[in-house]
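Read off the chains here:
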Amino acid sequence: DVVLTQTPPTLSATIGQSVSISCRSSQSLLHRNGNTYLNWLLQRPGQPPQLLIYLVSRLESGVPNRFSGSGSGTDFTLKISGVEAEDLGVYYCVQSTHAPYTFGAGTKLELK
Amino acid sequence: QVQLQQSGTELVKPASSVKISCKASGYPFTSNYMHWIRQQPGNGLEWIGWIYPGNGNTKYNQKFDGKATLTADKSSSTAYMQLSSLTSEDSAVYFCASNYGGYWFAYWGQGTLVTVSS
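Residues numbered from 1 in each chain as written. Chains lettered and ligands numbered in written order. Predicted model: local features only at pLDDT ≥ 70, side-chain atom pairs only at ≥ 80, totals over all residues. Heavy atoms only, no water.

1. Some thoughts on the interface of chain A and chain B
Taken together, the contact between chain A and chain B spans 16 residues of the former and 20 residues of the latter. When chain A packs against chain B, the two sides together hide about 1,600 Å² of surface, and 68% of this comes from carbon and sulfur. Among the residues of chain A in contact with chain B, Pro49(A), Tyr101(A) and Phe103(A) are the three that bury the most area, contributing 35% of the side total. Elements with a contribution of two residues or more to the side of chain A that touches chain B: strand E4 (38–43), strand E5 (50–54) and strand E9 (89–95) of chain A. At three residues, the largest contribution of residues to the side of chain A that touches chain B is made by E4(A). (Contact = heavy atoms within 4.5 Å. Buried area = accessible area lost by both parts, 1.4 Å probe. Helix = DSSP H or I, 4+ residues; strand = E, 2+ residues; numbered from the N terminus.)

Below, the structure written as structure tokens:
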């Protein structure tokens with residue numbers, strides 16, 4: 001199975017600070033069809049996860065543009081340019097290139 | 001708007017089975033994969049499998065083979081997951097999540113808490 005390693009496990013930030021989360025895959029997530037099926041999700045406390053970014057860097061409709069995704073192959077990054085209070089929660093990367101689909105262990109974003 | 005409405009909390013006995021539902025609305029149910037995901041207490045997320053409601057095709061995580069059975073009813077736009085031979089290890093929140101076109105895991109249900117206890 002593909003292992004997604006997220007770092008850091010916990011991130012403390014102040015409002016307005018820019019932060020980055022890394023997601024490294026144990027194998028390339030480039031599908032033979034040319035797409036890279038790497039998404040980012042946010043799970044707020046007591047809520048289901050919600051899609052933020054799909055196909056590495058495409059912003060889901062309604063998601064603020066302070067969120068951005070980048071990367072290729074095995075190395076991916078989620079950046080938040082100016083954390084806001086509503087951004088607190090656990091961020092997960094998830095890959096659907098190789099079955100079984102797998103999630104990173106999560107990065108908890110909290111206020112410093 | 002898109003909604004995935006899951007059935008309510010279940011308290012079930014060890015060795016029994018449970019069937020939870022996920023009613024979809026606001027998007028083409030039959031032409032989008034529906035996934036099921038497990039979240040054990042304090043833990044991350046595990047993909048259980050998907051069903052394609054249009055033809056009933058399924059794909060499972062080998063870890064859940066024999067544990068989970070996915071079905072779908074096109075007439076009511078509802079997906080189901082049956083969990084069998086329950087143990088305390090199966091106590092978790094279970095989510096349904098649908099694709100939408102090229103968007104994987106686009107929409108999520110609110111989650112169903114399953115507690116296995118005698």
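2. With respect to the sheet that holds strand E7 (residues 67–72) of chain A
Residues and elements named next belong to chain A. Within the open sheet, the four strands sit side by side as E1-E3-E8-E7. Their pairing is antiparallel. Looking at which strands have only one partner, the edges of the open sheet turn out to be strand E1 (4–7) and E7. Each neighbouring strand pair of the sheet contributes to a mean axis angle of 20°, computed without reference to strand direction. By the bridge criterion, six bridges tie E7 to strand E8 (residues 75–81) in an arrangement that is antiparallel. Within E8, the residue paired with Gly-71 across the bridge is Phe-76. (Pairing = 2+ DSSP bridges. Axes fitted to C-alpha atoms, helices over the stretch in contact; angles between N-to-C directions.)

3. What to know about the packing of aromatic side chains
Aromatic rings considered in pairs are described by the distance between their centres and by the relative angle of their planes. Considering all chains together, one arrives at 16 aromatic pairs over all chains under this definition. Aromatic rings pair up to connect Tyr37(A), Tyr101(A), Phe103(A), Tyr33(B), Trp47(B), Trp50(B), Tyr52(B), Phe95(B), Trp104(B), Phe105(B) and Trp108(B) into one cluster. Lys19(B) extends its terminal NZ or CZ atom over the ring of Tyr80(B), reaching a point 4.9 Å from the ring centre. (Phe/Tyr/Trp six-rings, centres within 6.5 Å; stacked < 30°, edge-to-face > 60°. Lys NZ or Arg CZ within 6 Å of the ring centre and 35° of its normal.)

4. Points about the nonpolar core
Grouped together as the largest cluster of nonpolar side chains are 24 residues, with contacts concentrated most on Met34(B), Trp36(B), Met81(B) and Tyr94(B). For this core, the secondary-structure elements that each account for two or more residues are strand E3 (18–25), strand E4 (34–39), strand E5 (45–52), strand E7 (68–73), strand E8 (78–83), strand E9 (92–100) and strand E11 (112–116) of chain B. Per-element accounting of this core gives the leading share, four residues, to E3(B). One finds Leu11(A), Ala13(A), Tyr91(A) and Cys93(A) within the second-largest nonpolar core, a separate group that totals 23 residues. (Core = buried A, V, L, I, M, F, W, Y, C linked by side-chain atoms within 4.5 Å. Buried < 20%, exposed > 50% of the residue type's maximum accessible area, 1.4 Å probe, protein only.)

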